[in-house]
Each structure stands twice: as C-alpha cells, then as structure tokens.
Amino acid sequence: TQLLEQSPQFLSIQEGENLTVYCNSSSVFSSLQWYRQEPGEGPVLLVTVVTGGEVKKLKRLTFQFGDARKDSSLHITAAQPGDTGLYLCAIPEGNQFYFGTGTSLTVIP
Amino acid sequence: EAGVTQFPSHSVIEKGQTVTLRCDPISGHDNLYWYRRVMGKEIKFLLHFVKESKQDESGMPNNRFLAERTGGTYSTLKVQPAELEDSGVYFCASSQAHRDILRGEQFFGPGTRLTVL
C-alpha cells in the first residue's frame, strides 16, 4: 500500500502556464516535505510544511498543507523550463522517511 | 563544503555478480541513510547508520544486501549476488542529527544507477 499518492504522475505544459500537483494520503502527518529531483541528481529540498492549513511561497512556487494534515499541493505560476524535474513529497514517519512516487514535470519552451 | 558523493554513478553488471556502491557523506554528519528507487516505484528507505552503528536496517530487501560504515565515515552497500530486481537508483543521504530530517536537513547524493542484466 502506497502511503503517499502523488498526482498527476506526468505533466507536460507550455512555458508560462500554471500548474498544480498533489500529494495525498489517508494518514495524518506531523510534517511534509517537497523535493525536486533533476536527472542525475538526488532530491533537493524545496520546503517543509508543519502546520495544518499552512501556505509557504518560494518565488513562483506556492505550497499548501491541508487543514487536516493529510494532503498537500504545490502550485507553480508561470512555469519556466528550469522548473522541469521530478517533484516528490515525503514525510518522516517514526525513524524512517517515506516518499511519494513523484510528479514528472516537463515545461516546454 | 562538499556535498554527499556517491561512486560509481552508473554500474552495469550481470545477474549473479557482485557490486559495491560507495557513499561519502558530508563531513561531520553522523547520520547516513541508504535509499533505493526501483523503476516506476517510489524512493524507499533501506537503512540508517549513526556513526558506524546500524540504527535501523528494516528496509533492507534481503540478506544479499550488506551495508557497512567502518570508522563512521564513508559507507558501502554490497549486493551479492545481484538479481534482476535489484536494478534501480541507489541514493545515499546524510544529516548531522537524525532529528534534522524533520526540518528537511537531509542531504542527498546524486545516486548510483545500477543495472543488472
């Protein structure tokens, strides 16, 4: 059973468009992290959200943690080709760390 | 400051052979983690070292996998004998304190892509 479900799995958009990707679970989390991974590299942290309903902004990226702390979304405004990559959500649980399957985003110039 | 490094970046071996992957964590980081991403699946935790001690190895798939961290510096992950299903990308990460991963202060290496033919 997958703890974290991410959608969509793949997304291809034109430069300048907006997009939202989602991370959902039936479990409640104490915190959730979003990462971006580029080909040949490891995941790089974008943001950590802790409080239900929390919204964090990182330039054109807006991250939201659901009120019930069971889901999160990442919204990108005016996507750029440099936003291309694999977006992963992840949670610490006990002594381990669990990742979602990721959303592979391609931004076409 | 150098990040987490992994060697080799790619490895192609035949079923039944042995492969050893190496991870050099960020200097001073006591906590070292191994993860694996099999094609089409999520990144999964394999094990966690604190210095030279295995803190949690519950994610190790089976006894064909052996991880070591002699001296508490770099770590190796040996697969012997390798099977087809072991193909994937193996990531290493390190953190100064285990609780740092709650803040996202867990730094990943670029991974080793293992292909077993």
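Please read all numbers here as calculations on a predicted model, not as lab measurements. (Residues numbered from 1 in each chain as written. Chains lettered and ligands numbered in written order. Predicted model: local features only at pLDDT ≥ 70, side-chain atom pairs only at ≥ 80, totals over all residues. Heavy atoms only, no water.)

Engineer: Where do I start with the pattern of salt bridges in this structure?
Structural biologist: Should the charged atoms of two oppositely charged side chains come close, the side chains can pair. All names here are of chain B. Summed over all chains, the structure comprises 10 salt bridges over all chains. The salt bridge partner of Arg64 is Glu85, with a shortest N-O separation of 4.0 Å. Pair noted here: Arg64 is in the loop between β6 (53-56) and β7 (65-68) and Glu85 is in the loop between β8 (75-79) and β9 (88-95), with a separation of 21 residues, a long-range link. Look at Glu85 and you get exposed, because its relative accessible area is 51%. Within the structure, one salt-bridge network assembled from shared partners comprises Arg36, Arg64, Glu85 and Asp86. (Salt bridge = Lys/Arg side-chain N within 4 Å of Asp/Glu carboxyl O. Helix = DSSP H or I, 4+ residues; strand = E, 2+ residues; numbered from the N terminus. Buried < 20%, exposed > 50% of the residue type's maximum accessible area, 1.4 Å probe, protein only.)

Engineer: Quick question: what am I supposed to make of the environment of Arg103 of chain B here?
Structural biologist: Among the secondary structure elements, Arg103 of chain B is positioned in the loop between β9 and β10 (107-108). Contacts of Arg103 of chain B, omitting those with residues within four sequence positions, involve Gln33, Leu45 and Thr48 of chain A. (Contact = heavy atoms within 4.5 Å.)

Engineer: Explain the state of the cysteines to me, please; I cannot follow it from the model alone.
Structural biologist: Throughout this description, disulfide means a covalent bond between two cysteine sulfur atoms. Within the structure shown, the criterion is met by two disulfides over all chains. A sulfur-sulfur separation of 2.0 Å characterises the disulfide bridge that pairs Cys23 of chain A with Cys89 of chain A. One quick way to see it: the torsion about the S-S bond of Cys23 of chain A and Cys89 of chain A is about 75°, and its sign makes the bridge right-handed. Residue Cys23 of chain A is located in strand β3 (residues 19-24), and its partner Cys89 of chain A is located in strand β9 (residues 85-93); the two are separated by 66 residues in the primary sequence. Between Cys23 of chain B and Cys92 of chain B runs a disulfide, and the two sulfur atoms are separated by 1.8 Å. Residues Cys23 of chain B and Cys92 of chain B are joined by a disulfide whose S-S torsion is about -60°; by sign, that bridge is left-handed. Of this pair, Cys23 of chain B sits in strand β3 (residues 19-24) while Cys92 of chain B sits in strand β9, and the two are 69 residues apart along the sequence. Take Cys23 of chain B: its relative accessible area is 0%, and that puts it in the buried class. (Disulfide = S-S within 2.5 Å.)

Engineer: I keep staring at the pairing of β7 of chain B and nothing clicks. Help me out?
Structural biologist: Along any regular strand, the residues point their side chains to alternate faces of the sheet. Residue and element names in this part refer to chain B. Every second residue of β7 is oriented toward a common face, the buried set being Phe65 and Ala67 and the non-buried set Leu66 and Glu68. Where β7 lies against β8, four bridges are found, and the strand directions are antiparallel. Considered in β8, the bridge of Phe65 is made with Val79. Where β7 folds back on β8, the antiparallel hairpin that results is connected by six residues, among which Gly71 adopts a positive phi of roughly 80°. (Pairing = 2+ DSSP bridges.)

Engineer: When you look at the pairing of strand β2 (residues 10-13) of chain B in this model, what are you seeing that I'm missing?
Structural biologist: Residue and element names in this part refer to chain B. With burial as the criterion, only one face of β2 is covered, namely that bearing Ser11 and Ile13; the residues His10 and Val12 on the opposite face remain uncovered. Across four bridges, the pairing between β2 and strand β11 (residues 112-116) is parallel. The residue of β11 that forms the bridge with His10 is Arg113.

Engineer: Please clarify how the side chain of Ser94 of chain B should be interpreted in this entry.
Structural biologist: All names here are of chain B. The topology assignment puts Ser94 in strand β9. A distance of 3.3 Å separates a polar atom in the side chain of Ser94 from the backbone nitrogen of Ile26. Of the polar contacts made by the side chain of Ser94, one reaches the side chain of His29; its length is 2.8 Å. Residues contacting Ser94, with those up to four places away along its chain left out, are Val4, Pro25, Ile26, His29, Asn31, Leu32, Tyr33, Glu105, Gln106 and Phe107. (Polar contact = N/O pair within 3.5 Å; in protein donor to acceptor, adjacent residues only side chain to side chain.)

Engineer: Would you explain the sheet that holds strand β1 (residues 5-7) of chain B in this entry?
Structural biologist: Sheets are built from strands that pair by backbone hydrogen bonding, the pairs being arranged parallel or antiparallel. All names here are of chain B. Strands sit in the order β1-β3-β8-β7 across an open sheet of four strands; the sheet is antiparallel. Each edge of the open sheet is held by one strand with a lone partner, namely β1 and β7. Averaged over all neighbouring strand pairs, the angle between strand axes comes to 15°, with direction disregarded. (Axes fitted to C-alpha atoms, helices over the stretch in contact; angles between N-to-C directions.)

Engineer: Would you take a moment to explain the layout of surface pockets for this structure?
Structural biologist: Think of a ball as big as a water molecule: rolled over the atoms, this probe shows where empty space is left. What the largest pocket holds in volume is close to 680 Å³. For the largest pocket, the lining is made up of 31 residues, of which Gln37 and Leu86 of chain A together with Arg37, Val89 and Arg113 of chain B are closest to its centre. Where the lining of the largest pocket is concerned, the elements lending two or more residues are β9 and β11 (103-108) of chain A together with β9 and β11 of chain B. For the lining of the largest pocket, the residue count by class is 10 nonpolar, 16 polar and five charged. (1 Å grid on protein atoms, 1.4 Å probe; cavity = no way out; pocket = protein on both sides within 12 Å on 5 of 7 lines; lining within 4 Å. Points joined across faces, edges and corners; volume = space filled by probe spheres on them. Nonpolar A, V, L, I, M, F, W, Y, C, P; charged D, E, K, R; others polar.)

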